[in-house]
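Residue-level structure breakdown
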Amino acid sequence: MKMNKVILSGVAICAFAFVTACKTTENVTQKSDSSETSSKKEDLIVDGLMDEPDVSASLFEPVKTAEDLEYERSVSELGSLVSREKFFEDKAIILQKIVELDQIMKSYDYNKWTSYIDEQSKIYWSKRPNLQKAESKLPVKGLRLYTMQDYFKYVFVQSRRGQKVDEIRYVSENLVKAVQVREEQDIVYYQFEKIDGKWLVNLPPLDD
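Residues numbered from 1 in each chain as written. Predicted model: local features only at pLDDT ≥ 70, side-chain atom pairs only at ≥ 80, totals over all residues. Heavy atoms only, no water.

**Details of the overall build of the chain**
Quick reminder of the rule: Only DSSP runs of H or I reaching four residues or more are called helices, and only runs of E reaching two or more are called strands; each is numbered from the N terminus.
Summing up its helical and strand segments, the chain has 8 helices and 4 strands in all. Overall, the chain shows an N-to-C arrangement of helices and strands of α-α-α-α-α-α-α-α-β-β-β-β.

Here's what the structure looks like:
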């Protein structure tokens, strides 16, 4: 019996040693495989086949404000020709003139209104043939426009009085449209031209 126990104990010890050796070999193999995979990944990154995410770039990218976005919309046709400082200065002047024009329209003060209009517009809209063209576009049929004062009362005032202007859009450095932004669309209510350093209302001619 003692001899059997000794033999069994020896078998158990050998079996334990064999299992332990196998596990050790397996761990060494896994570490070797892991090291090889890591090395391959590094090689791929160096070769440009795998890109690591650039976290630092997104962290330092400036966030655009509402003023930044408005400035970009307003000068999109001109780019860097109009500085931010000039944009906000022009906008303030033009919006103030629109406030004044709104008061003029409420009182139907034609003589004061003409001081806001450029000379070319006055010449064009004083001619009867041009006024006749405008007649056909009036919502009230049969209304006749004989003078520029008629144009002021029945066209200019009726289409602009009480309307709110939000932003401006540069056509050129000296030509600007004043618009109301509605559902991402620009509704043009005024056109201003800078003449001799002064912003004046420009009344575009009708298409032929």
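Let's pick the thread back up.
**Some words on helix H4 (residues 84-107)**
Note the following rule: Helices are assigned an expected span. That span is 1.5 Å times one less than the residue count. Note on classification: 1.4 Å probe, protein chains only; a residue is buried when its accessible area is under 20% of the maximum for its type, exposed when over 50%, partly exposed between these limits.
Taking 1.5 Å per residue, 24 residues should reach 34 Å; H4 reaches 35 Å between its end C-alpha atoms and fits that length. Along H4, the residues classified as buried are Phe 87, Asp 90, Lys 91, Ile 94, Lys 97, Ile 98, Leu 101, Asp 102, Ile 104 and Met 105. Phi turns positive one or two residues past the end of H4, at Tyr 108, with a value near 50 degrees.

**A closer look at the nonpolar core**
Where a protein is soluble and globular, its nonpolar side chains tend to be buried together. The criterion, for reference: Joining through side-chain atoms within 4.5 Å is the link that ties buried Ala, Val, Leu, Ile, Met, Phe, Trp, Tyr and Cys residues into a set, and such a set is a nonpolar core. Only heavy atoms matter for contacts: two residues are in contact if any of them lie within 4.5 Å across the pair.
Trp 113, Phe 156, Tyr 190, Phe 192 and Leu 203 are the most contacted members of the largest nonpolar core, which totals 37 residues. Where this core is concerned, the elements lending two or more residues are H4, helix H5 (110-114), helix H7 (128-135), helix H8 (148-160), strand E1 (167-172), strand E2 (175-182), strand E3 (185-195) and strand E4 (198-201). Discounting residues that sit within four places of it in the chain, Leu 203 has contacts with Trp 113, Ile 117, Ser 121, Trp 125, Met 148, Tyr 151 and Phe 156.

**So, the sheet that holds E4**
For clarity, the cut-off: The pairing criterion for strands is at least two bridges between them, as found by DSSP. For helices, the fitted line uses only the C-alpha atoms of the stretch in contact; every axis is such a line through C-alpha atoms, and the angle between N-to-C directions lies from 0 to 180 degrees.
An order of E1-E2-E3-E4 is seen for the 4 strands of this open sheet, with the pairing classed as antiparallel. With partners counted over all chains shown, the strands left at the sheet margins are E1 and E4, one partner each. On average, adjacent strands in this sheet sit at an angle of 35 degrees to one another, irrespective of strand direction. Judged from the 8 bridges that link them, E2 and E3 form a sheet pairing that is antiparallel. Looking across to E3, one finds that Ala 178 is bridged to Tyr 190.

**Comments concerning the side chain of Gln 180**
To keep it simple, the criterion reads: Think of a polar contact as two N or O atoms within 3.5 Å of one another; within protein, one of them needs to be a possible hydrogen donor and the other a possible acceptor, and neighboring residues in sequence only count if both atoms come from side chains.
Secondary-structure assignment places Gln 180 in strand E2. Residue classification places Gln 180 among the buried positions, given a relative accessible area of 10%. Among the polar contacts listed, one links the side chain of Gln 180 to the backbone oxygen of Lys 164, at a separation of 2.8 Å. A distance of 2.5 Å separates a polar atom in the side chain of Gln 180 from a polar atom in the side chain of Arg 182. Beyond its immediate stretch of four places on either side in the chain, Gln 180 contacts Gln 163, Lys 164, Asp 166, Gln 185, Asp 186, Ile 187 and Tyr 189.

**Section: unusual backbone geometry**
Most peptide bonds take the trans configuration, and most residues that are not glycine carry a negative phi. For Tyr 108, which is not glycine, the phi dihedral falls at a positive 50 degrees. Turning to its location among the elements, Tyr 108 is positioned in the loop between H4 and H5. Despite not being glycine, Glu 184 shows a phi value in the positive range, around 65 degrees.

**Re the packing of aromatic side chains**
In plain terms, the rule: Note on ring pairs: Phe, Tyr and Trp rings are taken, using the six-membered ring of Trp, and paired if centres are within 6.5 Å. Classes follow the plane angle, with under 30 degrees stacked, over 60 edge-to-face and the rest tilted.
Inspection of the entire model under this criterion finds 11 aromatic pairs. Relative to Phe 152, the ring of Tyr 110 lies with its centre 5.8 Å away and its plane at 55 degrees, an arrangement referred to as tilted. With Tyr 110 in helix H5 and Phe 152 in helix H8, this pair connects stretches of sequence that are 42 residues apart. Summarising the burial analysis for this pair, Tyr 110 and Phe 152 share the class buried.

**Re the pairing of E4**
Two elements, E3 and E4, share 4 bridges in a ladder whose sense is antiparallel. Within E4, the position partnered with Phe 192 by the bridge is Val 201. The antiparallel hairpin formed by E3 and E4 contains 2 residues in its connecting segment, where Asp 196 sits at a positive phi of about 55 degrees.

**Some details on the confidence of the model for the chain**
Our working rule: The predictor's confidence in any single residue is recorded as pLDDT, a number from 0 to 100.
Of all residues in the chain, 71% have pLDDT values of 70 or greater, and the mean over the chain is 79. Under a pLDDT of 50 for its full length, residues 1-50 has, in the predicted model, 5 contacts with residues more than four places off or in other chains.

**Side note on the pairing of E2**
Taken together, the 5 bridges between E1 and E2 define a ladder with antiparallel strand orientation. In the strand pairing of E2, Glu 167 is matched with Val 179. The loop that links E1 with its antiparallel partner E2 comprises 2 residues. Counting the residues between successive antiparallel strands, the hairpin from E2 to E3 contains 2 residues, one of them, Glu 183, with a positive phi of roughly 50 degrees.

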